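Here are the chains, one letter per residue:
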Amino acid sequence: MLALLVLVTLALASAHHSGEHFEGQKVFRVFVEDENHINLLHALANTNQIDFWKPDSVTQIKPHSTVDFRVEAEDISTVENFLEQNELQYEVLISNLRSILEAQFDSQVRATGHSYEKYNNWETIEAWTQQVASENPDLISRSAIGTTFEGRTMYLLKVGKPGPNKPAIFMDCGFHAREWISPAFCQWFVREAVRTYGREIHMTEFLEKLDFYVLPVFNIDGYVYTWTKNRMWRKTRSTYDGTKCIGTDPTEILMLGGAFIMSSRSPCDETYCGPAAESEKETKALANFIRNNLSSIKAYLTIHSYSQMMLYPYSYDYKLTENNVELNALAKATVKELATLHGTKYTYGPGATTIYPAAGGSDDWAYDQGIKYSFTFELRDKGRYGFALPESKIRPTCEETMLAIKHIANYVLEHPY
Ligand SMILES: [Zn+2]
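Residues numbered from 1 in each chain as written. Predicted model: local features only at pLDDT ≥ 70, side-chain atom pairs only at ≥ 80, totals over all residues. Heavy atoms only, no water.

### So, the overall build of the chain
This is how it is decided: Starting at the N terminus, helices and strands are each numbered in turn, a helix being any DSSP run of H or I of at least four residues and a strand any DSSP run of E of at least two. Note on contacts: a residue pair qualifies if any of its non-hydrogen atoms lie within 4.5 Å across the two residues. Surface accessibility in these figures is a Shrake-Rupley result with a 1.4 Å probe; residues are shielded only by whichever protein chains are displayed.
Looking only at helices and strands, one finds 13 helices and 12 strands in the chain. The contacts in the chain between residues at least 6 apart in sequence include a share of 76% that link residues at least 24 apart. Looking at the chain as shown, the accessible area adds up to about 17000 Å², and 52% of this sits on carbon and sulfur atoms.

See below:
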């Protein structure tokens, strides 16, 4: 009986991530010029089930931008008619999401179990945190910073040669569940750190002088849900009294006061900010850890996808940071370094002006805690695959992102504060 149950569960899981549910779904890109176009998209979103990919919600569309969204198969002709009747310029980014999702698993790596060039499920990542720490006891220690809403342990890896009073860089991955390339990068970073320590001069210096705190998956419950039930899930999996809708946007929940203005107060929205700041267990664990280690944490990096951008505060307001000129110069040099490997072009700038005023990324929150070097990375690609980036892109994406992170680490070492 148990064996049968396991088989059924496995079959269901593979059906889900092979993408059958997404048969016939399309992803559109609409070119938005003015307020009239924005109003039209609001109207469209009000009458149809639309999953906004970029920006995160209909409220964040700004003039002279592009908007990517996913449409259920049965709504496609309605949506296409609407776009054409209103003369909205658009293209189809993905004509059948199912085939794109099936193509994700194109890794040539045959290994079962953990692989740095495949997407690993949470169970595999969790076992890996234990293994990589026990295999590298002189460089890595693992701790738990909290538990998720569904009771999973949030593991944090501290990577660096033990020493007194070391400055640190905090990096988290997997804020938004469907951005699978993000946890893949955190794993890659840890592997590269231990692989090149003692062999490569820069990494050796970094690990001797700095500590890296790496949180491989922040929104673990959401990540598990993308593997078992809905590949396109974004939020956490928490529930609140008085609503049947599940989940909170974990980036938005960190923010306080004015930051809430731009985020959603409606629990059914993908950018729902939660009933109060830090109402999520995951967010509280992260915020507590960072607050307790503020004296050592000199940089905060949060890894997302997609759109190839390097953003810095602020996103919740058009105001600029006190060290805006410095952040701009650092971002410019970092994306230049990133592009040297595969020619991948990133845009950069303060969140609000580069994309749209949003509820604020967690980089805004970290900056306001006093962490001067706070950045959001939006990794590959620019919409060809969106959240369904194929596994064959993990290596080039992670290789070039390593260059960026190392550039920042070097800068942090040279600019103590
Ligand atoms: Zn994200």
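### Things to note about the UniProt feature "active site" (unreviewed entry) in the chain
Under the convention used in this document: UniProt positions are given in the numbering used here, feature names are shortened, and annotations may be inferred rather than shown by experiment. Exposed residues in this analysis have more than 50% of their type's maximum accessible area, buried residues have under 20%, and partly exposed residues fall in between, with area computed by a 1.4 Å probe over protein chains only. The definition of a polar contact used here is a pair of N or O atoms within 3.5 Å, where within protein one atom must be able to donate a hydrogen and the other to accept one, and adjacent residues in sequence count solely through side-chain atom pairs.
Feature annotation in UniProt assigns "active site" (unreviewed entry) to the following positions: Glu 378. Relative to the helices and strands, Glu 378 is located in strand E12 (residues 373-379). The class of Glu 378 is buried, set by a relative accessible area of 8%. Leave out the neighbours within four places in its chain, and Glu 378 touches Lys 54, His 304, Ser 305, Tyr 306, Ser 307, Gln 308, Met 309 and Tyr 346. At a separation of 3.4 Å, a polar atom in the side chain of Glu 378 contacts the main-chain amide nitrogen of Ser 305.

### Things to note about the sheet that holds strand E5 (residues 140-147)
Note the following rule: Paired strands, as defined in this entry, are two strands with at least two bridges between them according to DSSP. Under this scheme, a helix contributes an axis fitted over its contacting stretch, all axes are lines through C-alpha atoms, and angles between N-to-C directions fall in the 0 to 180 degree range.
If you walk across this open sheet you meet the 8 strands as E5-E6-E8-E7-E9-E12-E10-E11, and the pairing is mixed. Pairing within the sheet leaves two strands with one partner each, and these edge strands are E5 and strand E11 (347-350). Ignoring which end each strand starts from, the neighbouring axes of this sheet average 20° apart. Against the sheet, helix H13 (residues 394-414) makes contact with strand E7 (168-173), strand E8 (211-215), strand E9 (297-305), strand E10 (309-312) and E12, and its axis sits at roughly 170° relative to E12, the strand it touches most.

### With respect to the sheet that holds strand E3 (residues 65-71)
Pairing is antiparallel across the open sheet formed by 4 strands, whose spatial order is E2-E3-E1-E4. Two strands lie at the open edges of the sheet, namely strand E2 (50-54) and strand E4 (89-94), each paired on one side alone. Put simply, the sheet's adjacent strands are angled 30° from each other on average, direction ignored. Its contacts with the sheet put helix H2 (residues 35-47) on strand E1 (26-32), E2 and E3, and the angle it makes with E1 is roughly 155°. Sheet strands touched by helix H3 (residues 76-85): E1, E3 and E4. Its angle to E1, the strand with the most contacts, is close to 15°.

### With respect to the nonpolar core
Short version of the rule: The term nonpolar core refers to a set of buried residues drawn from Ala, Val, Leu, Ile, Met, Phe, Trp, Tyr and Cys, joined through side-chain atoms within 4.5 Å.
Counting residues in hydrophobic clusters, the biggest one holds 84 residues, and the most contacted among them are Phe 170, Phe 212, Phe 375 and Phe 377. In contact with Phe 375, other than residues within four places in its own chain, are Tyr 300, Leu 301, Thr 302, Met 310, Leu 311, Tyr 312, Leu 327, Leu 330, Ala 331, Asp 363 and Ile 408. Leu 40, Val 58, Phe 69 and Ile 76 belong to the second largest nonpolar core, which has 19 residues in total.

### Quick notes on the pattern of salt bridges
Selection criterion: Counted as salt bridges are all cases of a side-chain nitrogen of Lys or Arg within 4 Å of a carboxyl oxygen of Asp or Glu.
By the definition in use, this model includes 20 salt bridges. In this structure, Asp 68 and Arg 29 form a salt bridge, with 2.7 Å as the shortest nitrogen-oxygen distance. Placement of the pair is Asp 68 in strand E3 and Arg 29 in strand E1, with a sequence separation of 39 residues. Each member of the pair Asp 68 and Arg 29 is classed as buried. A salt bridge links Glu 378 to Lys 54; its shortest N-O distance comes to 3.3 Å. A residue pair is termed long-range when its members are at least 10 positions apart, and Glu 378 in strand E12 and Lys 54 in strand E2 qualify at 324 residues.

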